[in-house]
Amino acid sequence: MAEQLVLPGVGDFLNGRSGAPERPSAPGRLIDSSSLPAAVGAFEVHMREQGFAENTNKAFVSDLGLLTQFVGAGKAVGEISTPDLRRFTYWLAHERGVPCSSKSLARRVTALKVFFGWLAEAGVIRSNPADAVVHSPVSSPLPYVPSDSEVERVLAVTQAQRYSDKPDARPHLLVTLLLHTGIKKGECMNVVLNHLDFEDLDHPVLWIRYNNPQRRHKERELTLPVDWPAVLAEYQVQYR
């Protein structure tokens, strides 16, 4: 039901994932003596322009905020060296006092490589100091798949809520949607009514849509359970 999380390569970010390499967008008036916070702010704008996923955007900005905390807000981007970044990653892993999993550390190294790679390619700094920082790829474990008996137990609970003294169809609506389609959390949150096609009630359909043109390749048509439109109708009456 869930997808395995794979950390993208640095090139995927710099090239916008669209397949064709693109020159990084101009970072305004940044120069090598610009402060790290100023550069991070410009980088956030760049990520939005390039269509980075919102979660990636937030995570990278947070990771670079930790770097700012470590080296100091007044540090110029051109003064940050490879030894600085190596000390930073060691601090994250061993000295910060906050648990840092191997997956989190790998993502933070990716953030450094993408950020400083962008600055270098845009000509703000001469070279990427993060190039020599070791990036250890992490493989996420396969997702847990519930057994048939576990699915039946969950559906028994949602059906009980659906037909209780105070009927609530919402849990059953959401659980059956996720079980039958396997869509991601973000995709579920973005479903709107015009993504649903009930013209043929024997074959109700959900269309997964993306506003970002770079993610249009993820759009797809998914078949829904025949009784799902009826559950949606109950939900609409209850929640208006």
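Worth saying up front: this structure is predicted, and the values here are computed from it rather than measured.

Conventions and cut-offs
- Residues numbered from 1 in each chain as written.
- Predicted model: local features only at pLDDT ≥ 70, side-chain atom pairs only at ≥ 80, totals over all residues.
- Heavy atoms only, no water.
- Phe/Tyr/Trp six-rings, centres within 6.5 Å; stacked < 30°, edge-to-face > 60°.
- Helix = DSSP H or I, 4+ residues; strand = E, 2+ residues; numbered from the N terminus.
- Buried < 20%, exposed > 50% of the residue type's maximum accessible area, 1.4 Å probe, protein only.
- Patch = residues over 30% accessible without salt bridge, like charges linked within 9 Å, V, L, I, M, F, W, Y side chains within 5 Å.
- Areas by Shrake-Rupley, 256 points an atom, 1.4 Å probe, with all protein chains shown as cover.
- Salt bridge = Lys/Arg side-chain N within 4 Å of Asp/Glu carboxyl O.
- Lys, Arg positive; Asp, Glu negative; His and termini not counted.
- Charge placed at Lys NZ, Arg CZ, Asp CG, Glu CD.
- 1 Å grid on protein atoms, 1.4 Å probe; cavity = no way out; pocket = protein on both sides within 12 Å on 5 of 7 lines; lining within 4 Å.
- Points joined across faces, edges and corners; volume = space filled by probe spheres on them.
- Nonpolar A, V, L, I, M, F, W, Y, C, P; charged D, E, K, R; others polar.
- Axes fitted to C-alpha atoms, helices over the stretch in contact; angles between N-to-C directions.
- Parallel < 35°, antiparallel > 145°, perpendicular 65-115°, else oblique.
- Contact = heavy atoms within 4.5 Å.
- Pairing = 2+ DSSP bridges.
- pLDDT = per-residue confidence, 0-100.

## Digging into the packing of aromatic side chains
Under the criterion given, the structure shown has nine aromatic pairs. Look at phenylalanine 198 and tryptophan 228: their rings are 6.5 Å apart centre to centre, the planes differ by 70 degrees, and that puts the pair in the edge-to-face class. With phenylalanine 198 in the loop between strand S1 (196-197) and strand S2 (205-208) and tryptophan 228 in helix H9 (residues 228-239), this pair connects stretches of sequence that are 30 residues apart. Residue tryptophan 228 is classed as buried on the basis of its relative accessible area, which comes to 4%. Every member of this aromatic cluster is reached through a ring pair, and the members are Phe43, Phe115, Phe116 and Trp118.

## A closer look at a negative patch on the surface
A contiguous patch of negative charge on the surface is contributed by Asp197, Glu199, Asp200, Asp202 and Glu221. With respect to the helices, strands and loops of the structure, aspartate 200 is situated in the loop between S1 and S2. By relative accessible area, which is 38% here, aspartate 200 ends up partly exposed.

## Considerations on empty space enclosed by the protein
Inspection of every chain in the model, using the stated rule, returns two cavities of 30 Å³ or more. As for the largest cavity, its lining consists of Glu187, Asn190, Val191, His195, Trp207, Ile208, Arg209 and Tyr210. Per-class residue counts for the lining of the largest cavity are four nonpolar, two polar and two charged.

## A word on the packing of helix H3 (residues 54-71) against helix H4 (residues 82-95)
Pairs of packed helices are described in terms of their axes, by the angle between the two and the distance that separates them. Taken N-terminus to C-terminus, the directions of H3 and H4 make an angle of 105 degrees; their axes are 11 Å apart at the nearest point. As the angle between them shows, H3 and H4 are arranged roughly perpendicular. From H3, Asp63, Leu66, Leu67, Gln69 and Phe70 reach across to H4, where they touch Asp84, Leu85, Arg87, Phe88, Trp91 and Leu92. Here the residues of the contact of H3 with H4 are counted per class, giving seven nonpolar, one polar and three charged.

## A few points about the sheet that holds S2
Read across the sheet, three strands follow the order S1-S2-S3 without closing on themselves; strand pairing throughout is antiparallel. Edge positions in the open sheet fall to S1 and strand S3 (220-223), since each of these has one partner strand only. As judged from the two bridges shared by S1 and S2, these two strands associate in the antiparallel manner. Within S2, the position partnered with leucine 196 by the bridge is leucine 206.

## As for the confidence of the model for the protein
Per-chain confidence: the protein averages 88 in pLDDT, with 88% of residues scoring 70 or above. Counting interchain partners and residues more than four positions distant, the pLDDT-below-50 stretch residues 1-9 has 15 contacts. Counted against residues more than four places away or in other chains, residues 14-24, with its pLDDT under 50, gives 18 contacts.

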